[in-house]
Amino acid sequence: MHDLGAGFGYLLQGQRWVARHGKQYGFGLVPGLITLVLYLGALVSLAVWGADFVGWATPFADDWSSPWNGLFRGFLTAVLFALSLLLAVVTFTAVTLLIGQPFYETLSETVDRDVSPDGSAPVSGLPLWRELWISARDSLRVVLRALVWGVLLFALGFIPFLGQTVVPVIGLFVTGFFLTEELTSVALQRRTVDARSRLALLRARRTLVWGFGTPLAVAFLVPFVAVFLMPGAVAGATLMARDLLGEETEDENDREEPDAIPRPH
């Protein structure tokens, strides 16, 4: 239970950190806004043409008598949109982190310097293109695992009672784990911790991860909230990464730094 509260505490500390550093917060909003526009465009297109796509994909139902063809295709359209929404929730963080790699990398470094006793921050020393490639590769692995879980939980959702009570709760915990895995990767990748080692660290402290990621997963279900919480989530995940690696962290109130916007590198 201590780790559960500590994880939630890191989430709050991250939001508090960006609230105290307003320019970095605005700096960190840019990638989320770009991703939001892309996702909204995709979902609107699906809402407009989803039924046409289902009709094209199910020509065998053309000769079915009414109302069975309409009910069948209506059900498939609803399933397609529901899966797309689930995919959007699961992949939003990964896509935003990929688009905003230079922004969040710099934000995470600033947090590290702010809370490090000696004012330093680990750096990977890799060129930007290499960091982007590693981030894209690892994000794809996370998304594929999340999709497998998503399909499984969606199927379990048809079980009476359990599908409407227990399964959604499990889904939030699973989504929270994957969100935390993505967010902590920003700080851990700078420390040259590979994907396998990152996953081992998170599995060893599952309750800490759930305390951080599950409330965030709940918040991300509210439209547009993810955009505004992302900078603080990256900051909080950086603090959590320091805990996972046993690094000493100085209270943010003990250090004063100029509120300047660092440039992405």
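Details of the structure are given in the entry above.
Now for a look at the structure at hand. Just so we're clear, the structure is a prediction, and the values are computed from it rather than from any experiment. Sequence positions are assigned chain by chain, starting from 1 and proceeding in written order. The predicted nature of this model means local features are confined to residues of pLDDT at least 70 and side-chain atom pairs, given and counted, to a pLDDT of 80 or more, with totals for whole chains, interfaces and linings taken over all residues. Each side-chain value is derived from all of the structure's non-hydrogen atoms; neither hydrogens nor water enter the calculation.

For the rest of this paragraph, the subject is the environment of Arg205. Mapped onto the fold, Arg205 is located in the loop between helix H7 (195–204) and helix H8 (206–220). Expressed as a C-alpha distance, the spacing of Arg205 and Leu244, which sit 39 residues apart in the sequence, is 8.0 Å. Residues are treated as being in contact if the distance between any of their heavy atoms lies within 4.5 Å. Residues contacting Arg205, with those up to four places away along its chain left out, are Asp3, Asp243 and Leu244. Put simply, DSSP H or I for four residues or longer makes a helix, DSSP E for two residues or longer makes a strand, and each gets a number counted from the N terminus.

The subject of this paragraph is a nonpolar patch on the surface. Patches were defined on residues exceeding 30% relative accessible area and lacking a salt bridge, with like-charge contacts within 9 Å and nonpolar side-chain contacts (Val, Leu, Ile, Met, Phe, Trp, Tyr) within 5 Å. Per-residue and other accessible areas follow the Shrake-Rupley method at a 1.4 Å probe size, with only the shown protein chains counted as cover for residues. Definition used for salt bridges: Asp or Glu carboxyl oxygen within 4 Å of a side-chain nitrogen of Lys or Arg. A surface patch of nonpolar side chains, about 700 Å² in accessible area, is lined by Trp149, Leu152, Leu156, Ile159, Phe161, Leu162, Val166 and Ile170. Of all elements in the fold, only helix H5 (128–156) and helix H6 (166–190) reach the threshold of two or more residues within the nonpolar patch. For the nonpolar patch, the leading source of residues is H5, giving three residues. By the element assignment, Leu156 lies in helix H5. On the accessibility criterion, Leu156 (32% relative accessible area) is partly exposed. The cut-offs for exposure are 20% and 50% of the maximum accessible area for each residue type, with area from a 1.4 Å probe on protein chains only; residues under the lower value are buried, those over the upper are exposed, and the others partly exposed.

Next up on the list: the packing of aromatic side chains. Two rings from Phe, Tyr or Trp (for Trp, the six-membered ring) form a pair when their centres sit within 6.5 Å of each other. Planes less than 30 degrees apart are called stacked, planes more than 60 degrees apart edge-to-face, and all others tilted. Evaluation of the coordinates by the stated rule reveals seven aromatic pairs. An aromatic cluster of at least three residues, connected via ring pairs, comprises Phe60, Trp64 and Phe72.

So, about the side chain of Thr238. Residue position: Thr238 is located in helix H9 (residues 225–244). For Thr238, a relative accessible area of 1% gives the class buried. For Thr238, the contacting residues outside a window of four places in its chain are Ser108, Val111, Asp112, Ala187 and Arg190.

Its place among the elements puts Arg198 in helix H7. We classify Arg198 as buried; its relative accessible area is 6%.

With axes taken as lines fitted to C-alpha atoms, and helix axes fitted only over the stretch in contact, angles between N-to-C directions fall between 0 and 180 degrees. In the contact formed by H6 and H8, the axes pass within 7 Å of each other and the chain directions differ by 105°. When the axis of H6 is compared with that of H8, the two are roughly perpendicular. In this structure, H6 uses Leu172, Phe173, Thr175, Gly176, Phe177, Leu179, Thr180 and Leu183 to contact H8, whose residues at the interface are Arg206, Val209, Trp210, Phe212, Gly213, Thr214, Leu216, Ala217, Val218 and Phe220. Looking at the contact of H6 with H8 residue by residue, the classes come out as twelve nonpolar, five polar and one charged. Throughout this description, any angle smaller than 35 degrees is read as roughly parallel, any larger than 145 degrees as roughly antiparallel, any in the 65 to 115 degree range as roughly perpendicular, and the remainder as oblique. Following the grouping adopted for this structure description, the nonpolar residues are Ala, Val, Leu, Ile, Met, Phe, Trp, Tyr, Cys and Pro, the charged ones are Asp, Glu, Lys and Arg, and the polar ones are all others, Gly among them.

In this section: H9. For a helix, the expected span equals 1.5 Å multiplied by the residue count minus one. The terminal C-alpha atoms of H9 lie 27 Å apart, and with 20 residues this matches the ideal 28 Å at 1.5 Å per residue to within 8%. Bend is computed residue by residue as the angle between axes fitted to the seven residues ending at the residue and the seven residues starting at it. Residue Pro231 marks the point of greatest curvature in H9, where the axis turns by about 35°. Most of H9 sits inside the fold, with 16 of its 20 residues counted as buried. In the segment just after H9, Gly246 is the residue with positive phi, at about 70°.

Looking now at helix H4 (residues 101–115). The first and last C-alpha atoms of H4 sit 21 Å apart over 15 residues, in line with the 21 Å expected at 1.5 Å per residue. Taken across its 15 residues, H4 has 13 buried, putting it largely inside the fold.

With that out of the way, let us pick up the environment of Ala121. Mapped onto the fold, Ala121 is located in the loop between H4 and H5. Judged by its relative accessible area of 16%, Ala121 is buried. Sequence-wise, Ala121 and Ala187 are 66 residues apart; in three dimensions their C-alpha atoms are separated by 9.7 Å. When neighbours within four sequence positions are excluded, Ala121 is seen to be in contact with Glu109, Asp112, Arg113 and Arg190.

Summed over the entire model, instances satisfying the criterion amount to nine salt bridges. Notably, a salt bridge pairs Glu109 with Arg113, separated by 3.3 Å at the nearest N-O pair. Of this pair, Glu109 and Arg113 are both found in helix H4, four residues apart, which corresponds to roughly one turn of the helix. Looking at Arg113, the relative accessible area reads 33%, which means it is partly exposed. A salt bridge links Asp243 to Arg205; the nearest nitrogen and oxygen atoms lie 3.6 Å apart. Highlighted residues: Asp243 in helix H9 and Arg205 in the loop between H7 and H8, separated in sequence by 38 residues. Taking relative accessible area as the criterion, Asp243 reaches 23% and is therefore assigned partly exposed. According to the relative accessible area criterion, Arg205 is partly exposed, its value standing at 21%.

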